[in-house]
Amino acid sequence: MQKIGDHAVVLGAGIAGLLATRVVAEAYEHVTLVERDPLPETAETRRGVPQGRHAHNLLPSGARIIGELFPGLLDELEAGGTPVVRDFTEIRFSPAGHLLRLEGRPAEPLIYQPSRPYLEGHLRARVRALPAVEIVDRCEATGLATTATRDRVTGVRIVRRAAGGAEETLDADLVLDATGRGGRTPAWLATLGCEQPPEERLAIDVTYASRHLRLDPGALGGEKFIAIGAEPGRPTGLVLFAQEEDRWILTAIGYGAHHPPTDPDGFLAFVETVAPLDVFAAIRDAEALDDIVTHRFPADVRRRYERLRHFPAGLLVFGDAICSSNPSYALGMSVAALQAVALRDSLAGGNRDLAGRFFRAARKPTTMAWRLTVGSDLTLPHVQGPRPLPVRVINAYIDRVLSAAERDPAVAEQFVRVAALQHPFRRLFRPSTALRVLLGNLRRDRVPARDAAPRRPSSPHMA
């Protein structure tokens, strides 16, 4: 790619910031990656990424892009012990009370299951090795520098905490905000007297609680990925993923008044109300490797930067700073990867209207993830939000898709690929799929998503 500037500054060294830095380094002579936290040398959870302690999944759409941006990285992850889902029989997926019938077909591209700190550590090492990149941690961004007319950003004001706290300005041709859902670009725009992005918000009040386990060998057969989603009569769920170091991450999820407890007995009792019998038995008999930790997520939030008529040149917003949706659906890292492709394509077109072109290009993956997550959240009666007729019609159809997917592996696979952002949402409405959905719903005797067999008494092993 042709260089279009001398210096770019990326704010935030999370997954989104690292992917953005990798792409921006192709278009600028020098890139400074600024991070508020001290950055660890190993795979450790950072204070500024509390969600890193919980279940993450690198979906095929994200894995493919990361593999392209960082050749050999996926092989490194696997060689280091990251479990890889290669076949659909290694997945148990029960969204909205429907146990999908997934048969033995290759899951290509593959699903990689590194922990968030492990993946971030590998990405950070690759980015740090780029000759054009300098990483500065323990550094706070405090505001933007602009031209006198405030129509162009010319740099960012920072405070290096390790150097005594004096404010300085980093001059830059481009400043990119990848600091997450708490990103300060809207506040900075207000300070500059600029137009604010329209904001969409859906209050969901989700809390998730997690701990790492070591399961007995073969406790779940060959399964590596288990996800039991919330449903209208039960606003709770869980995910159980295999990870590196022969560990599993168990994350229990609850909406509103149904937040999971943090004491071991209460946590296990909560899991028992959600997990299928065999999954609960594996969890109950597992060795707990750490304490239970929680994270609360109050609302889905999307900032519509692409709708702004005027936006300062030399500034971009990226990742969760654009759209932060329910993490229960595990789309965040893959959306950031898809935005990285949009950023690369936009930079290749030069500086002219860069922000406008990028925000329009990023709208496609962002909208796809937003519709999936918000639409699913709105199927839960306790989530308060507008449900116009199109939303109700689409959700009714998706319920029938899931009913058909209990018996039809072709419909099940198509839904999984849409949910993983591999295929566009409209694939579920193709005539061939709609016909299978219709035929599948002619037989309404549903396959239960939970085994109805009685449970054995709980044991204290996990506590």
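Please read all numbers here as calculations on a predicted model, not as lab measurements.

Across its full length, the protein holds 12 helices and 18 strands. The C-alpha radius of gyration of the protein comes to 23 Å, within 12% of the 23 Å expected for a compact globule of 463 residues. Principal axes of the C-alpha set define a box for the protein whose edges measure 70 × 50 × 40 Å. For the protein, the residues scored as buried account for 56% of the 463 residues in total. Contacts spanning at least 24 positions in sequence make up 72% of the contacts within the protein whose residues lie at least 6 apart. The positive charge centre, built from 58 side chains, and the negative charge centre, built from 55, are 6 Å apart in the protein.

Judged by side-chain polarity, Leu435, Leu438, Leu439 and Leu442 come together as a nonpolar surface patch covering roughly 420 Å² of accessible area. Following the sequence through the fold, Leu435 ends up in helix α12 (residues 431-441). Residue Leu435 is classed as partly exposed on the basis of its relative accessible area of 48%.

Turning to unusual backbone geometry, a few remarks are in order. One non-glycine residue, Asp353, lies in positive phi territory at about 50 degrees. Tracing the chain through its elements places Asp353 in the loop between α8 (332-348) and α9 (354-377). Asp353 sits in the partly exposed class, given a relative accessible area of 42%. Phi is positive for Leu421, close to 65 degrees, though the residue is something other than glycine.

For the rest of this paragraph, the subject is the packing of helix α1 (residues 15-24) against α8. Where α1 meets α8, the closest approach of the two axes is 9 Å, and the angle between their N-to-C directions is 20 degrees. Judged by the angle between their axes, α1 and α8 are roughly parallel. Along this stretch, α1 crosses α8, giving a crossing that reads as right-handed. Here Ile15, Ala16, Leu19, Ala20, Val23 and Val24 of α1 come into contact with α8, specifically with Met333, Ala336, Ala337, Ala340, Leu343, Arg344 and Leu347. Of the residues in the contact of α1 with α8, the class split is 12 nonpolar, no polar and one charged.

The next point concerns the pairing of strand β1 (residues 5-11). β1 sits mainly inside the fold: six of its seven residues count as buried. Sheet topology note: the β1/strand β2 (residues 28-34) ladder contains six bridges and is parallel. Paired with Leu11 across the two strands is Val34, which belongs to β2. Handedness of the crossover joining β1 and β2 through α1: right-handed.

Structurally, Glu90 can be placed in the loop between β3 (84-87) and β4 (91-94). Beyond its immediate stretch of four places on either side in the chain, Glu90 contacts Val84, Val85, Gly222, Glu223, Lys224 and Phe225.

Here we take up the packing of aromatic side chains. For the structure shown, the criterion picks out nine aromatic pairs. Between the aromatic rings of Tyr305 and Phe311, the centroid separation amounts to 5.8 Å while the plane-to-plane angle is 80 degrees, which identifies the pairing as edge-to-face. In textbook terms, an aromatic cluster arises when at least three aromatic residues are bridged by ring pairs, as seen for Tyr305, Phe311, Phe318, Phe358 and Phe359. If you follow Arg22 out to its NZ or CZ, it ends over the ring of Phe70, 6.0 Å from the centre. Here Arg181 stacks its cationic end above the ring of Phe297, 4.5 Å away from the centre of that ring.

Let us look at the pairing of strand β12 (residues 225-228). Burial along β12 is two-sided: Phe225 and Ala227 and Ile226 and Ile228, pointing in opposite directions, are all buried. Note: β4 against β12, four bridges, orientation parallel. Within β12, the position partnered with Ser94 by the bridge is Ile228. Pairing of β12 with strand β13 (residues 236-243), which is carried by four bridges, proceeds in the antiparallel orientation. Among the inter-strand pairings, Ile228 is bridged to a residue of β13, identified as Leu238.

Moving on to the environment of Leu220. Within the element layout of this structure, Leu220 appears in the loop between β11 (199-214) and β12. The exposure class assigned to Leu220 is buried, which follows from its relative accessible area of 9%. Once the C-alpha coordinates of Leu220 and Ala282 are considered, the two residues, 62 residues apart in sequence, prove to be 7.0 Å apart. In this view, Leu220 contacts Leu215, Ile226, Leu240, Trp248, Asp278, Val279 and Ala282; residues no more than four positions away in its chain are not counted.

Considering all chains together, one arrives at 27 salt bridges under this definition. Here Asp137 ties to Arg138 by a salt bridge, and the two come within 3.8 Å at their closest N and O atoms. The network of salt bridges with shared partners includes Arg92, Glu223 and Asp278.

The subject of this paragraph is the confidence of the model for the protein. Should the pLDDT be low somewhere, the predicted coordinates at that spot are not to be read in detail. Averaged over all residues, the pLDDT of the protein equals 90, while 93% of them reach at least 70. Counting interchain partners and residues more than four positions distant, the pLDDT-below-50 stretch residues 446-463 has 51 contacts.

Within the secondary structure, Thr146 is located in strand β7 (residues 139-146). Between the C-alpha atom of Thr146 and that of Pro386, which follows or precedes it by 240 residues, the distance is 39 Å. Not counting the four nearest positions on each side in its chain, Thr146 is found in contact with Arg152, Val153, Thr154 and Leu192.

Here five strands make up an open sheet; going across it, the order is β6-β2-β1-β10-β17 and the pairing parallel. The sheet terminates laterally at β6 (133-136) and β17 (315-317), the two strands that pair on one side only. Along the sheet, successive strands turn relative to each other by an average axial angle of 20 degrees, direction set aside. Alignment of β2 against β6, held across four bridges, turns out to be parallel. Across the sheet, Val34 pairs through a bridge with Val136, a residue of β6.

Reading the values: rules and limits
Along each chain, residues carry numbers from 1 onward, in the same order as the chain's sequence is written. Reporting of local features is limited, given that this is a predicted model, to residues whose pLDDT is at least 70; pairs of side-chain atoms are given and counted only at 80 or more, and all residues count toward the totals for whole chains, interfaces and linings. Side-chain metrics rest on all non-hydrogen atoms present in the structure, leaving aside hydrogens and water. Put simply, DSSP H or I for four residues or longer makes a helix, DSSP E for two residues or longer makes a strand, and each gets a number counted from the N terminus. Two things to know: the radius of gyration comes from C-alpha atoms, and the globule rule equals 2.2 Å times the number of residues to the power 0.38. Here's how the labels work: a residue is buried when its accessible area is under 20% of the maximum for its type, exposed when over 50%, partly exposed in between, all with a 1.4 Å probe on protein chains only. Note on contacts: a residue pair is in contact if any heavy atoms of the two residues lie within 4.5 Å. By the counting rule applied here, Lys and Arg register as positive and Asp and Glu as negative, while His and the ends of each chain are not counted. A charge is said to be at NZ when it belongs to Lys, at CZ for Arg, at CG for Asp and at CD for Glu. Only residues whose relative accessible area exceeds 30% and that take part in no salt bridge are eligible for patches, with like-charged residues grouped when within 9 Å of each other and nonpolar side chains (Val, Leu, Ile, Met, Phe, Trp, Tyr) grouped when within 5 Å. Per-residue and other accessible areas were derived by the Shrake-Rupley procedure at a 1.4 Å probe size, with only the shown protein chains allowed to occlude residues. Salt-bridge detection follows one rule: a side-chain nitrogen of Lys or Arg within 4 Å of a carboxyl oxygen of Asp or Glu. Inter-axis angles, ranging from 0 to 180 degrees, are taken between N-to-C directions of lines fitted to C-alpha atoms, where helices are fitted over the stretch in contact. An angle below 35 degrees is treated as roughly parallel, one above 145 as roughly antiparallel, one from 65 to 115 as roughly perpendicular, and anything else as oblique. Should the near helix be turned anticlockwise from the far one by less than a right angle, the crossing is left-handed, and should it be turned clockwise, the crossing is right-handed. The nonpolar class holds Ala, Val, Leu, Ile, Met, Phe, Trp, Tyr, Cys and Pro. Asp, Glu, Lys and Arg form the charged class, and all remaining residues, Gly among them, are polar. We treat two strands as partners when DSSP finds at least two bridges between them. When the strands point away from the viewer, a crossover counts as right-handed if the path from the first strand over the helix to the second runs clockwise. The aromatic pairing rule takes the rings of Phe, Tyr and Trp, using the six-membered ring of Trp, and pairs them if the centres are within 6.5 Å, calling planes under 30 degrees apart stacked, those over 60 edge-to-face and the rest tilted. In this scheme, Lys NZ or Arg CZ marks a charge over a ring once it lies within 6 Å of the ring centre and within 35 degrees of the ring normal. How sure the predictor is of each residue is captured by pLDDT, a score from 0 to 100.

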